[in-house]
Structures are given as C-alpha cells and as structure tokens.
Amino acid sequence: MPELPEVETVMRSLQKNLTGLAITGVTINLSKVIRLPGAEEFKSALTGRSIESFGRRGKYLLIHLSGGYTLVIHLRMTGRLVYADPGDELPRHTHVILQLDNGRELRFTDIRQFGRMILIPTESLGEAPELRDLGREPLEKGFTRDFLRKELRRRRTRLKALLLDQTFIAGLGNIYVDEALHRARLHPERLANSLNPREVTRIFHAIQEVLEEGINNRGTSFRDYVDGDGRSGNYQELLRVYSREGHPCPNCRKPINRIKVSGRSTYFCPCCQKP
C-alpha cells in the first residue's frame, strides 16, 4: 500500500503538470470506486472545474478544485494515478479517467479495486469520516518530540502496532515503521510506555528521517506503485530490513528476522533490536 512518501511523491508529480488545468469530462468504468457522491453526480460536479492546488493528509491525496470542492483519493493497495496522453495504451484496470483541457488525461487504475474517490466541499474536509480521525502528520510542526513522549508514556500497546495506527500518526505503514524501528534500535514488540527519553528521541528522529529519505527517493516500488508520471520509486534499493528476511543487517551483519505483529509481516534485526 502506498504510504506517506509514495502519496507525497504522486502529489508532487501531478502538481507540476495539472495545476491550473480544467476538467472537461469524466469517464467512470467502475462506479464502486466512487464513494461519494453517486457516479452521475460525481461526473457532473467535476466537469468544468479547474484544478487549483494539491495536498495530502496521511495516505490520502487531495485535489482542490474551483468552486470550493476537493477530490479526496485513497490509492489503497494497488491504486495508481497517472497523467497520460489519450493515445497511450489504456491499462486493463482503468476505472476512472479525467479528461483535461490541454488534451491529456488523469487515469486512475487499480487491480485490486480497493481504492476510493470522494468529492466533497472543501469546507467539510475536516468532517469527512476518512480524514476526521487521522493523527498527527509526522513531518509537520505539530509532531514534536514532546508530543511523542507524552503519547507513548500513556499507551500500553506494542510499538509496531501503535505506529501503524492512523489515528495516532497519519501516513506511516509497514515499510517505514519497520525501517524507523530498526534505525532507532527498538524491537517492534516493545510496549510503547516502556521507552525511556533517549529511546523516544531515537524513534522520533528515525520516523522523520526514513520518511524524508523515502520522499527524496520518490517512494518505494515493489510491484504496483508508480508516481504521477508513471515512474517507479528508488527507495527499495535503500531499505535496511523491510522484506529482507535472511539478509545481513547493515549494522551487525546478523540475519534479518521476520515475525507477525498485529497480523503484519514485520522485519527486524534480533541483535540490534532487542526486546
């Protein structure tokens, strides 16, 4: 599933190409990806609006439109948003196409069909169920070491599970949590309230470092993820533990282990990340 760095990369790649363009038409091939409003109302409400700016909230992409509306998109596991020419080969699982006034298109494809689109008034963004309960943005000012210290101290939850909780920190997923925990030398099954101040500082910096590295390398591509230009990311080449079971830890050279935490495959070094 695309995480914060991947969605941020998609946002930036689309922003440079689509800002200021108008939507001249909408094709919907699979109506279930439109969560709100109904498919016909969605088409009618989008057509004629200009794309004013882009944003991101956690793993959600926000396209702010003229007339006070915002298109909210969640790519889920296999969703892609690609800026393309009408003459380009149309991928088999293309569910929504936005025609643009420069003659090009924005295509939403999704093999697993889990991705969703929502069109709502911009003033109601904070009330949307998908966005309302999201936690702090880990790369913004509200995410501080003091905030993290206070929150961890009062939560008797396994660290990996807590960091995956979108109501706690928005945008983190399996890849970047495993990478941050390894960098901070913390076991994924440690209880959150067991961390001392030095360990809190380590995980605070590690979260921000791996996210920034992920963005700078245009995200992590294993199978489905590409940016808005259709290009794969590079961060998979820099991963230290994620999906590297049996490979040597870059710190101690002992083999990386894989366990299940909250039903998720979790990669860590048992030497560097002791319980």
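Refer to the structure presented above.
First things first, this report covers the structure right here in the doc.

Criteria and thresholds
- Residues numbered from 1 in each chain as written.
- Predicted model: local features only at pLDDT ≥ 70, side-chain atom pairs only at ≥ 80, totals over all residues.
- Heavy atoms only, no water.
- Helix = DSSP H or I, 4+ residues; strand = E, 2+ residues; numbered from the N terminus.
- Contact = heavy atoms within 4.5 Å.
- Areas by Shrake-Rupley, 256 points an atom, 1.4 Å probe, with all protein chains shown as cover.
- Lys, Arg positive; Asp, Glu negative; His and termini not counted.
- Charge placed at Lys NZ, Arg CZ, Asp CG, Glu CD.
- Phe/Tyr/Trp six-rings, centres within 6.5 Å; stacked < 30°, edge-to-face > 60°.
- Buried < 20%, exposed > 50% of the residue type's maximum accessible area, 1.4 Å probe, protein only.
- Lys NZ or Arg CZ within 6 Å of the ring centre and 35° of its normal.
- Core = buried A, V, L, I, M, F, W, Y, C linked by side-chain atoms within 4.5 Å.
- Arc of directions from axis to C-beta.
- Pairing = 2+ DSSP bridges.
- Axes fitted to C-alpha atoms, helices over the stretch in contact; angles between N-to-C directions.

Digging into the overall build of the chain
Now for step 1: Check the secondary structure of the chain and you find seven helices and 11 strands.
Now for step 2: If one aligns the C-alpha atoms of the chain with their principal axes, the spans along those axes are about 55 × 35 × 30 Å.
Now for step 3: Of the contacts formed within the chain by residues at least 6 apart in sequence, a portion of 62% connects residues at least 24 apart.
Now for step 4: As presented, the chain carries roughly 12500 Å² of accessible surface, and 44% of it is formed by carbon and sulfur atoms.
Now for step 5: For the chain, the centre of its 44 positive side-chain charges and the centre of its 33 negative side-chain charges are spaced 8 Å apart.

Details of unusual backbone geometry
Now for step 1: L36 connects to P37 through a cis peptide bond whose omega is -10°.
Now for step 2: With respect to the helices and strands, the residue P37 is situated in the loop between β2 (34-36) and α2 (39-46).
Now for step 3: Phi at R185 is positive, roughly 60°, even though this residue is not glycine.
Now for step 4: Mapped onto the fold, R185 is located in the loop between α6 (174-184) and α7 (197-216).
Now for step 5: One non-glycine residue with positive phi stands out, namely S262, at about 55°.
Now for step 6: In this structure, S262 sits in the loop between β10 (257-261) and β11 (264-268).

Some points on the packing of aromatic side chains
Centre distance and the angle of the planes are the two values used to describe a pair of aromatic rings.
Now for step 1: Following the criterion strictly, the structure yields six aromatic pairs and no others.
Now for step 2: Both rings, one in F143 and one in F204, keep their centres 5.3 Å apart while their planes meet at 25°; by these two values the pair is stacked. Linking F143 in the loop between α3 (129-132) and α4 (145-153) with F204 in helix α7, this pair joins segments that are 61 residues apart in sequence.
Now for step 3: The exposure class of F143 is buried, given its relative accessible area of 3%.
Now for step 4: Ring centres of F222 and Y242 lie 5.8 Å apart, and the angle between their planes is 45°; on these two criteria the pair is classed as tilted. Of this pair, F222 sits in the loop between α7 and β10 while Y242 sits in the loop between α7 and β10, and the two are 20 residues apart along the sequence.
Now for step 5: Here Y242 falls in the buried class, since its relative accessible area comes to 16%.
Now for step 6: Linked through ring pairs, F143, F147, F168 and F204 together constitute an aromatic cluster.
Now for step 7: Looking at R104, its charged tip hangs above the ring of Y83, at a distance of 4.1 Å from the centre.
Now for step 8: R136 extends its terminal NZ or CZ atom over the ring of F147, reaching a point 4.1 Å from the ring centre.

Description of the side chain of H95
Now for step 1: Relative to the helices and strands, H95 is located in strand β7 (residues 94-100).
Now for step 2: For H95, a relative accessible area of 5% gives the class buried.

Notes on the nonpolar core
Now for step 1: Within the largest apolar cluster, 38 residues are counted, with the highest numbers of intra-cluster contacts made by L148, L152, L163, I203 and I207.
Now for step 2: Mapped onto this core, the elements with two or more residues apiece are α4, α5 (159-164), α6 and α7.
Now for step 3: In terms of residues, this core owes the most to one element, α7, which gives eight residues.
Now for step 4: When residues no more than four places from it in sequence are discounted, the contact partners of I207 are P138, F143, L163, I169, L172 and A180.
Now for step 5: In terms of nonpolar packing, the next biggest core, distinct from the first, is built from 32 residues, I34, L71, V96 and M117 among them.

Some remarks on α2
Now for step 1: When α2 is considered as a whole, its buried residues turn out to be F42, A45 and L46. Considered in projection along α2, the buried side chains sweep an arc of 95° and stay on one side of the axis. Exposed positions of α2 whose direction lies more than 90 degrees from the buried face are E40 and S44.
Now for step 2: Turning to α2, the residues buried within the fold contact β1 (23-28), β2, β4 (60-65), β5 (69-74), β7 and β9 (116-121).
Now for step 3: One or two positions beyond α2, positive phi appears at G48, with a value near 95°.

Remarks on the sheet that holds β5
Now for step 1: Taken in spatial order, the five strands of this open sheet run β2-β9-β5-β4-β3, and their pairing is mixed. Lying at the two open borders of the sheet, with one neighbouring strand each, are β2 and β3 (51-57). Averaged over all pairs of adjacent strands, the angle between strand axes in this sheet comes to 25°, irrespective of strand direction.
Now for step 2: One ladder, built from two bridges, connects β2 with β9; its direction is parallel. Directly across from I34, in β9, lies its bridge partner M117.
Now for step 3: On the sheet, helix α1 (residues 4-18) packs against β3 and β4 and is oriented at approximately 175° with respect to β3.

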